[in-house]
Amino acid sequence: MNITVLGSLESPDPKSHDIVVDQVAAALRKRKHRVSILGVHNDLKKFVSGFSRRKPDLVFNLVETFGDSTSGDSAVAGVMDLLGLHYTGGGPGELYLRQDKGLAKKVLAFEKILFPHFAVFSQDADFETAGNLRMPLFVKPLTADASIGIDGESLVRDTASLMKRVLLIHDKVKDSALVEEYIEGREFYVGVLGNREPLALPPIEMDFSGLPEGLPHIAGTKAKWKKNSVEYKGTKSVLADIPDELRAKLQKVAIDAYRALRVRDYGRVDLRYTETGEIYVIEVNASCYLESGSEFAMAAESIGIEFPELVQRIVDLAVERYGNGK
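The structure contained in this document is the topic of the report that follows. Keep in mind that this is a model prediction, so the values were computed, not measured.

Procedures and definitions
Residues numbered from 1 in each chain as written. Predicted model: local features only at pLDDT ≥ 70, side-chain atom pairs only at ≥ 80, totals over all residues. Heavy atoms only, no water. Core = buried A, V, L, I, M, F, W, Y, C linked by side-chain atoms within 4.5 Å. Buried < 20%, exposed > 50% of the residue type's maximum accessible area, 1.4 Å probe, protein only. Helix = DSSP H or I, 4+ residues; strand = E, 2+ residues; numbered from the N terminus. Contact = heavy atoms within 4.5 Å. Pairing = 2+ DSSP bridges. Axes fitted to C-alpha atoms, helices over the stretch in contact; angles between N-to-C directions. Salt bridge = Lys/Arg side-chain N within 4 Å of Asp/Glu carboxyl O.

1. Some words on the nonpolar core
Here comes step 1: Grouped together as the largest cluster of nonpolar side chains are 42 residues, with contacts concentrated most on L6, F51, M80, L250, L271 and V281.
Here comes step 2: The element contributing the most residues to this core is helix α9 (residues 244-260), with 8 residues.
Here comes step 3: Once you skip the residues sitting within four places of it in the chain, L6 turns out to touch L38, V40, F47, F51, V59, F60, N61, L62, V63, V76 and M80.
Here comes step 4: Among the nonpolar cores identified, the runner-up in size contains 35 residues, and V21, F60, A219 and V315 belong to it.

2. What about the environment of L201?
Here comes step 1: Of note, L201 is situated in the loop between β9 (199-200) and β10 (204-207).
Here comes step 2: Once residues within four sequence positions are removed from consideration, L201 is found in contact with V190, G191, Q251, F296, A299, A300 and I303.

3. A short note on the sheet that holds strand β2 (residues 34-40)
Here comes step 1: Pairing is parallel across the open sheet formed by 3 strands, whose spatial order is β2-β1-β3. If you trace the sheet from one side to the other, it starts and ends with β2 and β3 (58-62), each paired once. Recorded for the sheet is a direction-independent mean angle of 25 degrees between the axes of neighbouring strands.
Here comes step 2: Pairing of strand β1 (residues 2-8) with β2, which is carried by 7 bridges, proceeds in the parallel orientation. If you follow V5 over to β2, its bridge partner there is I37.

4. Things to note about the pattern of salt bridges
Here comes step 1: Using the criterion set out here, one finds 15 salt bridges in the structure.
Here comes step 2: Ionic pairing is found between R272 and E187, a salt bridge with its closest N-O pair at 2.7 Å. In this pair, R272 is assigned in strand β12 (residues 266-273) and E187 in strand β8 (residues 186-193), connecting sequence segments 85 residues apart.
Here comes step 3: Given a relative accessible area of 11%, E187 falls into the buried group.
Here comes step 4: Through salt bridges with shared partners, a single network forms among K105, K140, E180 and E283.

5. Topic: the sheet that holds strand β5 (residues 137-141)
Here comes step 1: Overall, antiparallel pairing links the 4 strands, which are arranged β4-β7-β5-β6 in an open sheet. Among the strands making up the open sheet, the edge pair consists of β4 (118-121) and β6 (155-156).
Here comes step 2: Judged from the 4 bridges that link them, β4 and strand β7 (residues 177-181) form a sheet pairing that is antiparallel. Opposite F121, over in β7, you have A177 as the bridge partner.
Here comes step 3: On top of the sheet, helix α5 (residues 101-110) reaches β4, β5 and β7; it is set at about 150 degrees to β4, its chief contact.

6. Considering unusual backbone geometry
Here comes step 1: Between M135 and P136 the backbone carries a cis peptide bond, its omega angle lying at 0 degrees.
Here comes step 2: By the element assignment, P136 lies in the loop between β4 and β5.
Here comes step 3: One non-glycine residue, K55, adopts positive backbone phi at about 50 degrees.
Here comes step 4: Note that K55 resides in the loop between α2 (44-54) and β3.
Here comes step 5: By relative accessible area, which is 60% here, K55 ends up exposed.
Here comes step 6: If you check the backbone angles, S287 has positive phi at about 45 degrees while not being a glycine.
Here comes step 7: Among the structural elements, S287 can be located in the loop between β13 (279-286) and α10 (295-302).

Below you can see the structure in the form of structure tokens.
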């Protein structure tokens, strides 16, 4: 099959894509596909002409941004729809739905899936109060991914800190602020693979035991990306060592949330498990980060799905979906 791996570029340099692009391309070549790589930055003409030259049978879509727009993934999917291209992962509607975290929570509410109470503080509206939300509160950008705008100061315990954090997100991230009740508990990531009969992978737990005392147990920007930080060194993702009953409950909630938000092909659901046994959906990540060392790939490998096979399964799911007219 002729497959183009599509990835975001950090700059106009055609080689400034994330390492996952090369990893997926290599996995596809191992499966004897004809593979090309197309990077997108902010040039729509180059984006369209790149496909005109390549004429792929399928696009393996790894785009997260378009230029400086963190919401560019849904726009890119929309353009591919207009071009009549077949691609892995969510369409523009599905990607937008999971990206607007406030809207996603309203869908979860309709499906009676538990999530933290929340309020949205828009950039273009008067400052609102958080109503009857209970402190402490967690403040993060409404639409940004990859823990952008999240650090130790995101957890606030008074109104003054709340106002300061909301305004910082407005000014620095240029996004609305999502304010939600902080859920104390264990943090799990459950990958889901599939469409008609989705498979929940074994839960991965974020181990915060290496953090210095007093630091909040959150996976912020430093914990994910700053290798020299105490947050990065003090946290690690591990295969969850939990009873079968809890594992099954986490997987069921993950599949329910995955279906509610119409995730296609693959994704990851972030959960918090409280001491009282409640499971809260924190976030649903459609077309989640697929790097070979990611939580998603780690969970798949734990049940014998090596990275090249995982990539092939995603291809097969997309091909089957389009064969069914979706």
